[in-house]
Amino acid sequence: MKPVPHATSLRRAPVQRRSAERLSRILDACADLLDEVGYDALSTRAVALRAGVPIGSVYRFFGNKRQMADALAQRNLERWSERVAERLAAAGPGGWRTALDAVLDEYLAMKRTAPGFSLVDFGNQIPVGTRHGEPNHRVADRLTALLAGHLGRPADEDLRRTFLVAVEAADTLVQLAFRVDPDGDEKIIAEMRELLRAYLGRVLD
């Protein structure tokens, strides 16, 4: 079964398998429609129609489309984290450079292929509530938990701050790369990798 958002992002958490599958269909429909019509034209009614569920099923989980988009962002984060963890497990020990490649490659793959990701991301692209910079803090927290053991370092505030700086820098440069080229300008992405390697090498080596 596809992962679903953490229960705190929902009005009601799915308990039964059927309910969880319905929630996944709703989020899939939301993602597809974001690509087709954009966030402003997105509606809960259109999502319900695309998902093939009653409108009441959407409101069972979400009060409005902003909450739905935020739940999609959380699901994106879960899927990305799983992909990074799987890649690191397959690669075995390799230090922070292996981890950096896994983090960036899996993010760029989702950026290019995951429905709705270009708008919602992990919550950076639309004003979900009053979060401001919270999505990048969310990513830094996840990286700290995910990579501390792989790097043999304590999951402390120093490591979290290092990852937050890296995430903020990468976020800005990825957005630039995808403004220059809808598929992501490879030269800018290469420059981003070099910048991150230089910064992380100074801090983590």
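The next thing to look at is empty space enclosed by the protein. Within this structure, the stated rule accounts for one cavity of 30 Å³ or more. Size it by volume and the largest cavity reaches roughly 340 Å³. In this structure, the largest cavity is lined by 25 residues; those nearest its centre are V103, L104, L143, V167 and A170. It is helix 8 (residues 157-180) that provides the largest number of residues to the lining of the largest cavity, a total of seven residues. Grouping the amino acids of the lining of the largest cavity by side-chain chemistry returns 20 nonpolar, three polar and two charged.

The phi torsion at D121 lies on the positive side, around 55°, for a residue other than glycine. In this structure, D121 sits in the loop between helix 6 (117-120) and helix 7 (134-151).

So, about the packing of helix 8 against helix 9 (residues 186-204). Look at helix 8 against helix 9: their axes get within 9 Å of each other, and the N-to-C directions meet at 170°. Of the possible angle classes, the one that applies to helix 8 and helix 9 is roughly antiparallel. Counted together, L159, R161, T162, V165, A166, A169, A170, L173, V174, L176, A177 and V180 of helix 8 and I188, I189, M192, L195, L196, Y199, L200, V203 and L204 of helix 9 form the full contact between these two elements. Grouping the amino acids of the contact of helix 8 with helix 9 by side-chain chemistry returns 19 nonpolar, one polar and one charged.

A few words now on helix 5 (residues 95-113). An ideal rise of 1.5 Å per residue puts 27 Å on 19 residues; helix 5 measures up with 28 Å between its terminal C-alpha atoms. Every buried residue belonging to helix 5 is among W96, A99, L100, A102, V103, L104, E106, Y107, L108, M110 and K111, and all of these are buried. Its buried side turned inward, helix 5 meets helix 4 (65-91), helix 6, helix 7, helix 8 and helix 9.

Residues W80, L143 and L147 are the most contacted members of the largest nonpolar core, which totals 38 residues. Those elements that place two or more of their residues in this core are helix 4, helix 5, helix 7, helix 8 and helix 9. The contacts of L147, once residues within four sequence positions are left out, are L88, A99, V103 and F163. In terms of nonpolar packing, the next biggest core, distinct from the first, is built from 23 residues, A31, F61, F62 and A71 among them.

So, how was this worked out
Residues numbered from 1 in each chain as written. Predicted model: local features only at pLDDT ≥ 70, side-chain atom pairs only at ≥ 80, totals over all residues. Heavy atoms only, no water. 1 Å grid on protein atoms, 1.4 Å probe; cavity = no way out; pocket = protein on both sides within 12 Å on 5 of 7 lines; lining within 4 Å. Points joined across faces, edges and corners; volume = space filled by probe spheres on them. Helix = DSSP H or I, 4+ residues; strand = E, 2+ residues; numbered from the N terminus. Nonpolar A, V, L, I, M, F, W, Y, C, P; charged D, E, K, R; others polar. Axes fitted to C-alpha atoms, helices over the stretch in contact; angles between N-to-C directions. Parallel < 35°, antiparallel > 145°, perpendicular 65-115°, else oblique. Contact = heavy atoms within 4.5 Å. Expected span 1.5 Å × (residues − 1). Buried < 20%, exposed > 50% of the residue type's maximum accessible area, 1.4 Å probe, protein only. Core = buried A, V, L, I, M, F, W, Y, C linked by side-chain atoms within 4.5 Å.

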